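Descriptive structure summary
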Amino acid sequence: MSLRKQLYYQGERIRELKTKLRYQGESFQEQQRILQQQYEDLHHTALNGVVKDFQAQKDALGEMETVLQKRETELTSLRAELELELQSQMEKMSTSRAANLKARVQEEVTRLRESLQAEKEREMAKLEQEVTRLRESLQAEKEREMANFEQQHHRMRKEDVGNEGNGGSPGERQTSPVEGGEPSGGSSNTVPISAMVEVVTRGVEVALHNVLTDGKMIPSQSGRRSRRRRVCEDEEVKLEKESEPVVHRDFILAEVRRLFKEKLGITQDLDFITHRPAAAEDVRAYEYEDGFGPDRNNLSFDLTQNYSSPWNTYILKLLCQELQARCKEENWPIKRGDNYIMEILRECYKRLRTCKLTSKGVLETPTETEARLVEGRIQMGKDSRQANRRQNKYHRRVMVLDEMVKSKSEAQDDDLQSWKWLRSLIKTLGEHGMSSEESSVENGVENVLRVKNMPWRRNIDQELEIVDFQRLLDTDIFSPQGSKPLTRKRSPDNPSTTRDAVKALPLALYDGAWFAQLTERQIEALNVPQQTFSWMKVVVA
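Residues numbered from 1 in each chain as written. Predicted model: local features only at pLDDT ≥ 70, side-chain atom pairs only at ≥ 80, totals over all residues. Heavy atoms only, no water.

**Remarks on the overall build of the chain**
Note the cut-off: Counting from the N terminus, the helices are DSSP H or I runs at least four residues long and the strands are E runs at least two residues long. Three exposure classes are used, based on accessible area relative to the maximum for each residue type with a 1.4 Å probe and protein chains only: buried under 20%, partly exposed in between, and exposed over 50%. By the convention used here, residues are in contact when the closest approach between their heavy atoms is within 4.5 Å. Note on areas: Shrake-Rupley, 1.4 Å probe, and residue coverage restricted to the protein chains presented here.
Along the chain, the regular secondary structure elements total 13 helices and five strands. Relative to its 541 residues, the chain shows a buried fraction of 25%. A separation threshold of at least 6 residues defines the contact pool for the chain, and within that pool the share at least 24 residues apart is 68%. Summed over all atoms, the accessible surface of the chain reaches about 38700 Å², with 52% contributed by carbon and sulfur.

Following this line, the structure appears as structure tokens:
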């Protein structure tokens, strides 16, 4: 009985424990449910707070974008207003400067004209006084000759009367030096001198009439001008050249070239090498004796002297008269004075004369001329090869950049704008903005091209190397066929280019240190446009 009772008690105890465990489980589930509900409430609360904060930040960001767009619009309008104002100020400055320059040129031309007119009047007065003095001198000489002639005639008549009183024969009277009050043919000095005086007097009168009425100057063998007159004429020609358009100057130069071609058979400077100079005997006879001067149908310069010699001055004046006659006959739209034309003719002769002179200023021998022509032909071939390489380099770089822009546009790469900027840089510089190379041998074996330095151009070696390297890198785009290109060496020790700086480029493409050393006149000659060229730090993939 005790064992059954014990089992019963244990069973009851087990049931109590199960009941207790059941209650504890339900309590635990209730607590878990409460905790789950609290967690969900906290999660929803936090999520709502985050959403509200995000929405508030989003609204604030939208407001900031609106403000930025408004500010950007204001900046754009302000920039446009500033550009318009700057453009207006530049136009006003340009107009004012042009007006001031025109007024200054006009004042200077008026002053020079008045000075030349006063100089001409003074020279005319001096010339008139000289002619008057010469006329009086000739008249006095004529009177003296006539007085001498009358005295001689009177003396001869006395001798004739004396001979008759001494029983002179009629035959002797017939041989007297005077017959009927007129000088006989035996007196060889009196009649020619009187005739010469008359001829000289009439010549002086005709010359004076031409000077005073027709404005023609007495021809002179001397080509020298007074210093004051030369300065005035040179200044007038200088102002006229500075104020005239380029097309007007080109028109006159073209007509001068046509005149040289027709009169001298010279088309270009090298043709002057075959020009046969004037004979030294003819030049000496014209300048120091009573020679005839240059042949109008076969003009030949005296190459041993400059343009101011009497012989060369006579030829230049003939050419000037011929050019002015053509201007009147053909009714040219552009007309220039004799001083302007003579200045061009003198410069042409100076340039042409250098074709026949050595470095020591003496005429070349045929051997020296041949050697110089051979050297010039070699230099011309060298310059032609350099120009050809420069042209090919420009077109090759443009082709590379066109292909890269096309490829990057199709792939929508990030460096597309960099390649577009490089293409704009090369096209803006143009063919003449590319550097030249000079062939050389390095280490006695390898042929290389030494790139000539361009002091006027901004340093763009890095940008150019990117373009040149891309052609070698993308062999799938650019075919590697053909001869292997020579190695190009860049160095500060390389020779500098002899070509002038390219004009009309944006200011950003010129070297800053080089540009700062230019004078105001040189800067104006560059003709830098007002448009800007934005510089970019190139980064390509």
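**Some points on the packing of aromatic side chains**
Rules: Put simply, two rings from Phe, Tyr or Trp (the six-membered ring, in Trp's case) pair if the centres are within 6.5 Å, and we call them stacked under 30 degrees between planes, edge-to-face over 60, tilted for the rest.
Overall, the coordinates contain 11 aromatic pairs when judged by the stated rule. Ring geometry for Tyr510 versus Phe515: centroids 6.2 Å apart, planes at 35°, classification tilted. Both residues of the pair, Tyr510 and Phe515, count as buried. Pairwise contacts between aromatic rings join Trp456, Tyr510, Trp514 and Phe515 into one cluster.

**Quick word on the environment of Asp500**
Structurally, Asp500 is set in the loop between β5 (487–489) and α12 (512–516). Each C-alpha atom of the pair Asp500 and His432 lies 9.7 Å from the other, and the pair is 68 residues apart in sequence.

**Considering the pattern of salt bridges**
Using the following cut-off: We define a salt bridge as a contact between a side-chain nitrogen of Lys or Arg and a carboxyl oxygen of Asp or Glu at a distance within 4 Å.
A full pass over the atoms with the stated rule returns 19 salt bridges. Notably, a salt bridge pairs Arg336 with Glu240, separated by 3.5 Å at the nearest N-O pair. Of the two residues, Arg336 is situated in the loop between α7 (310–330) and α8 (338–353) and Glu240 in helix α4 (residues 227–243); the sequence distance between them amounts to 96 residues. Close ionic contact of Glu262 with Arg258 constitutes a salt bridge, the shortest N to O distance being 3.6 Å. With Glu262 and Arg258 both in helix α5 (residues 246–264) and four residues apart, this pair spans about one turn of that helix. Judged by its relative accessible area of 29%, Arg258 is partly exposed. One continuous salt-bridge network, built from bridges that share partners, spans Glu255, Arg258, Glu262, Glu322, Arg326 and Glu330.

**Quick look at the packing of α5 against α7**
Going by this rule: A fitted line through C-alpha atoms serves as each axis, taken over the contacting stretch for helices, and the angle formed by two N-to-C directions is quoted from 0 to 180°. Helix crossings fall into two classes, left-handed where the near helix is turned counterclockwise from the far one by less than a right angle and right-handed where it is turned clockwise. Ten residue types, Ala, Val, Leu, Ile, Met, Phe, Trp, Tyr, Cys and Pro, are classed as nonpolar, four, Asp, Glu, Lys and Arg, as charged, and the remainder, Gly among them, as polar.
Viewed as axis vectors pointing N to C, α5 and α7 meet at an angle of 115°, and their least axial separation amounts to 11 Å. Note on packing geometry: the crossing formed by α5 with α7 is right-handed. Of α7, the residues touching α5 (which contributes Glu255, Val256, Arg258, Leu259, Phe260, Glu262 and Lys263) are Leu319, Glu322, Leu323, Arg326 and Glu330. Classifying every residue of the contact of α5 with α7 by side-chain character gives five nonpolar, no polar and seven charged.

**What about the confidence of the model for the chain?**
Quick reminder of the rule: You can read pLDDT as the predictor saying how much it trusts each residue, on a scale of 0 to 100.
Scored by pLDDT, the chain comes out at a mean of 78, with 78% of its residues at no less than 70. Looking at the elements of the chain, mean pLDDT is at its lowest for strand β1 (residues 178–179), recorded as 36, and at its highest for α12, recorded as 92. Low pLDDT, under 50, characterises residues 167–192; the predicted model gives this stretch 18 contacts beyond four residues in sequence or across chains. Every residue in residues 210–223 is under pLDDT 50, and counting partners more than four places away or in other chains gives 16 contacts.

**Concerning α8**
To be explicit about the condition: Each helix should span, by expectation, one fewer than its residue count multiplied by 1.5 Å.
The end-to-end C-alpha separation of α8 is 22 Å, in line with the 22 Å expected for 16 residues at 1.5 Å each. Residues of α8 that are buried: Tyr340, Ile341, Met342, Glu343, Ile344, Leu345, Arg346, Cys348, Tyr349, Leu352 and Arg353. Those residues of α8 that are buried are in contact with α4, α5 and α7.

**Points about the nonpolar core**
Definition in use: We call a set of buried residues a nonpolar core when its members are Ala, Val, Leu, Ile, Met, Phe, Trp, Tyr or Cys and they connect through side-chain atoms within 4.5 Å of each other.
Counting 31 residues, the largest nonpolar core has Ile252, Val256, Phe260, Phe301, Leu319, Ile341 and Leu345 as the members making the most contacts within it. If you list the elements that add at least two residues to this core, you get α5, α6 (280–288), α7 and α8. Contact partners of Val256, with chain neighbours within four places excluded, come to Leu323, Ile344, Leu345 and Cys348.

**Brief notes about the environment of Asp383**
On the secondary structure map, Asp383 appears in helix α9 (residues 366–411). Distance in space between the C-alpha atoms of Asp383 and Glu438 is 9.9 Å, their sequence separation being 55 residues.

**What to know about unusual backbone geometry**
What is expected of a backbone is that most residues other than glycine have negative phi and most peptide bonds are trans. Although it is not a glycine, Gln412 adopts a positive phi angle of roughly 55°. For Gln412, the location among the structural elements is in the loop between α9 and α10 (416–429). Of note, the phi angle at Ala504 is positive, near 60°, even though the residue is not glycine. Mapped onto the secondary structure, Ala504 falls in the loop between β5 and α12.

**Here we look at the packing of α7 against α8**
Formally: Each angle receives one of four descriptions, namely roughly parallel if under 35 degrees, roughly antiparallel if over 145, roughly perpendicular if within 65 to 115, and oblique otherwise.
Interhelical geometry of α7 versus α8 gives an angle of 125° and a closest axis separation of 10 Å. Here α7 lies oblique to α8, going by the angle between them. Both α7 and α8 take part in a crossing whose hand is right-handed. On α8, the residues that touch Asn312, Leu316, Lys317, Leu319, Cys320, Leu323 and Gln324 of α7 are Asp338, Ile341, Met342, Leu345, Arg346 and Tyr349.

**Examining the side chain of Gln324**
Operational definition: Side-chain atoms alone can form a polar contact between residues adjacent in sequence; in general such a contact is a pair of N or O atoms within 3.5 Å, and within protein one must be able to donate a hydrogen while the other accepts it.
Structurally, Gln324 is set in helix α7. Residue Gln324 is classed as buried on the basis of its relative accessible area of 18%. A distance of 2.9 Å separates a polar atom in the side chain of Gln324 from the backbone oxygen of Arg336. Residues contacting Gln324, with those up to four places away along its chain left out, are Arg336, Gly337, Asp338 and Ile341.

**Remarks on α5**
Applied cut-off: The directions from the helix axis to the C-beta atoms form the arc being described.
Taking 1.5 Å of rise per residue, the 19 residues of α5 would be expected to cover 27 Å, and the 26 Å separating its terminal C-alpha atoms lies within 8% of that figure. Taken together, the buried positions of α5 are Arg249, Ile252, Glu255, Val256, Leu259, Phe260 and Leu264. One face of α5 carries all of its buried residues, which in axial projection span an arc of 140°. With respect to the buried face of α5, the exposed residues turned more than 90 degrees away are Val246, Val247 and Lys261. For α5, the secondary structure elements touched by its buried residues are α4, α7 and α8.

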